[in-house]
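One letter stands for each residue in the lines below.
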Amino acid sequence: MSPVLTTDAVSGNDRLGCWRDTMAEGRVPVAVTSGGKGPFDGRIVTARVGFLRVSTVEADAHRVSRTASHIARSTDRFVVIGVQVSGRTGLTQDGRRAEAGQGDLFVHDTARPYFLEHPERFATRAVHIPRRALGLPDEELRRVTGTAIGSDRGCAAVLRPFLTTLVDSADSYAPASASRLASSVVDLFAVLVAEQPRDAGADAGGSRGHLVARVRDHIDRKLGDPALSPEDIAKAHHISVRYLHRIFEDEGVTVGRLIQRRRLEECARELARGGRDKPSVSSVAQRWGFVNPAHFSRVFRGAYGLSPREWRSLRTGTNGGSGAFV
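It should be emphasised that the depicted structure is a prediction, and the values quoted were computed from it without experimental measurement.

### Observations concerning the pairing of strand β4 (residues 52–59)
And then number 1: Across the eight residues of β4, seven count as buried, placing the element largely inside the fold.
And then number 2: In textbook terms, the turn of a hairpin is the stretch between consecutive antiparallel strands, and for strand β3 (residues 40–49) and β4 this stretch comprises two residues, one of which, G50, has a positive phi near 60 degrees.
And then number 3: As paired elements, β4 and strand β11 (residues 122–130) share seven bridges and run antiparallel to each other. Residue pairing in the sheet places A59 in a bridge with F122 of β11.

Following this line, the structure appears as structure tokens:
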């Protein structure tokens, strides 16, 4: 069955609320304000390609903001890759501001506050990747969020036409093809992130931000230790557990949840690898700090909607899976 397309067109003097609600239907609540004095006109076409959500957006000038209160009301986390087809988009996230012009890519993470400004009528293509499908550490992802990337070289030169075609042809793919295309987007995005300079995602939050970065690095280095806990992390950094939790208040995740999420991401990434000599599911779980197989299977299914074995079959193509995130 092909992905279902839904189209919402809005126009007139009092349609910004409708536009905001239409955007929120994509599970990303936001605030919207008009950028002009006349009637507002806009159109969104949405679809699914495997586990991806894709959209075409054409609209008059307006501003979009996603705050901590919006984030608290939604459980889904997406990384959004935008392709600027026409007009301009100003993006602010993680203390950085970038402007995307025609042909550029721009990236933001819906799990953290951001601000989009469209100063003129514009058109974009957007691909929403479920954060759990990426298998990238947050510190790696922050190298590319809040940035605009020219598409004249590197992986961006491959991604721009690929994403544009993917969005424009979203209703034409069979389920098995859509699933493989979605996985290809994830792989290409990982290459795009790897190409960005190491200092592109530098935290602008001073010493507190540096401490958060150090804690995240510590967690990544100790993920395989079943004893890793907020108490051990606080002790290693000579701070109290209370202060550790306090510095993570703006991160959108508790320290305990971050440890579990990163373990699951590493397990998911390892299970998705092909090859003849694949490790057992239990050995992968133990390598990344899970000591109870039943607990691992339960939390993995809770995060990904599939058992570890089903995830492996889907990502390696052994059973011809047709999509996990529905």
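Right, picking up where we left off after that structure.
### With respect to helix α9 (residues 255–271)
And then number 1: When the terminal C-alpha atoms of α9 are compared, their 24 Å separation across 17 residues agrees well with the 24 Å that a helix rising 1.5 Å per residue should span.
And then number 2: Buried residues dominate α9, accounting for 13 of its 17 residues.

### Thoughts on the pairing of β3
Looking along a regular strand, one sees the side chains alternate between the two faces of the sheet.
And then number 1: Both β3 and β4 contribute to a ladder of eight bridges, which runs antiparallel. Bridging from a neighbouring strand, T46 pairs with S55 of β4.

### Quick word on the side chain of D109
And then number 1: Of note, D109 is situated in strand β9 (residues 105–109).
And then number 2: Take D109: its relative accessible area is 0%, and that puts it in the buried class.
And then number 3: Only 3.0 Å separates the side chain of D109 from the backbone nitrogen of A111, close enough to count as a polar contact.
And then number 4: Among residues more than four places away in sequence, those in contact with D109 are R77, F78, V79, Q93, Y114, R131, L141 and T145.

### Observations concerning the packing of α9 against helix α11 (residues 293–304)
And then number 1: At a minimum axis separation of 11 Å, α9 and α11 run at an interaxial angle of 90 degrees. On the basis of their axis angle, the class for α9 and α11 is roughly perpendicular. In this structure, α9 contributes Q260, L264, E265, C267, A268 and L271 to the contact, and α11 contributes H295, F296, V299, F300, A303 and Y304.
And then number 2: Its residues assigned to classes, the contact of α9 with α11 shows nine nonpolar, two polar and one charged.

### Let's talk about the nonpolar core
And then number 1: Residues L52, V54, V127, I129, V144, F189 and L192 are the most contacted members of the largest nonpolar core, which totals 33 residues.
And then number 2: Of all elements in the fold, only β3, β4, β6 (78–86), β9, β11, α4 (154–168) and α5 (175–195) reach the threshold of two or more residues within this core.
And then number 3: The element best represented in this core is α5, accounting for seven residues.
And then number 4: Apart from residues no more than four positions distant in its own chain, F189 is found in contact with V79, I81, V107, I129, L134, L136, L141, V144 and L159.
And then number 5: Among the nonpolar cores identified, the runner-up in size contains 32 residues, and L244, I259, A268 and F290 belong to it.

### A closer look at the pattern of salt bridges
And then number 1: Across all of its chains, the model carries 17 salt bridges by this definition.
And then number 2: Each of R131, D220, R261, R262, E265, E266 and R269 takes part in one network of salt bridges that share partners.

### Details of the confidence of the model for the chain
And then number 1: When pLDDT is averaged along the chain, the result is 83; 84% of the residues meet or exceed 70.
And then number 2: The model gives residues 1–14 a pLDDT under 50, and that stretch makes 38 contacts with residues more than four places away or in other chains.
And then number 3: Low confidence marks residues 200–206, where pLDDT is under 50. Its contacts with residues over four positions away, or in another chain, come to eight contacts.

### Topic: the sheet that holds strand β10 (residues 114–118)
And then number 1: The strand order across the open sheet formed by five strands is β2-β5-β10-β7-β8, and the pairing between neighbours is antiparallel. Strands with a single pairing partner mark the edges of an open sheet, and in this sheet they are β2 (31–34) and β8 (96–100). Direction aside, the axes of adjacent strands within the sheet are offset by 15 degrees on average.
And then number 2: In terms of strand pairing, strand β7 (residues 89–93) meets β8 through five bridges, oriented antiparallel. In the sheet register, G90 faces β8, and the bridge partner there is E99.

### Focus on the packing of aromatic side chains
And then number 1: Within the structure shown, the criterion is met by five aromatic pairs.
And then number 2: Judged by centre distance (6.2 Å) and plane angle (70 degrees), the rings of F300 and W311 are edge-to-face. You can see F300 sitting in helix α11 and its partner W311 sitting in helix α12 (residues 308–316), a full eleven residues away along the chain.
And then number 3: On the basis of relative accessible area, F300 is assigned to the buried category, the value being 0%.
And then number 4: Among the aromatic residues, ring-to-ring pairing joins F290, F296, F300, Y304 and W311 into one connected group.

### Focus on the environment of R216
And then number 1: Structurally, R216 is set in helix α6 (residues 206–221).
And then number 2: For the pair R216 and I233, spaced 17 residues apart in the sequence, the C-alpha separation amounts to 9.8 Å.
And then number 3: Every residue in contact with R216, bar those within four places of it in the chain, is listed here: D138, E139, R142, F248, E251, V253 and L258.

Calculation rules
Residues numbered from 1 in each chain as written. Predicted model: local features only at pLDDT ≥ 70, side-chain atom pairs only at ≥ 80, totals over all residues. Heavy atoms only, no water. Buried < 20%, exposed > 50% of the residue type's maximum accessible area, 1.4 Å probe, protein only. Helix = DSSP H or I, 4+ residues; strand = E, 2+ residues; numbered from the N terminus. Pairing = 2+ DSSP bridges. Expected span 1.5 Å × (residues − 1). Polar contact = N/O pair within 3.5 Å; in protein donor to acceptor, adjacent residues only side chain to side chain. Contact = heavy atoms within 4.5 Å. Axes fitted to C-alpha atoms, helices over the stretch in contact; angles between N-to-C directions. Parallel < 35°, antiparallel > 145°, perpendicular 65-115°, else oblique. Nonpolar A, V, L, I, M, F, W, Y, C, P; charged D, E, K, R; others polar. Core = buried A, V, L, I, M, F, W, Y, C linked by side-chain atoms within 4.5 Å. Salt bridge = Lys/Arg side-chain N within 4 Å of Asp/Glu carboxyl O. pLDDT = per-residue confidence, 0-100. Phe/Tyr/Trp six-rings, centres within 6.5 Å; stacked < 30°, edge-to-face > 60°.

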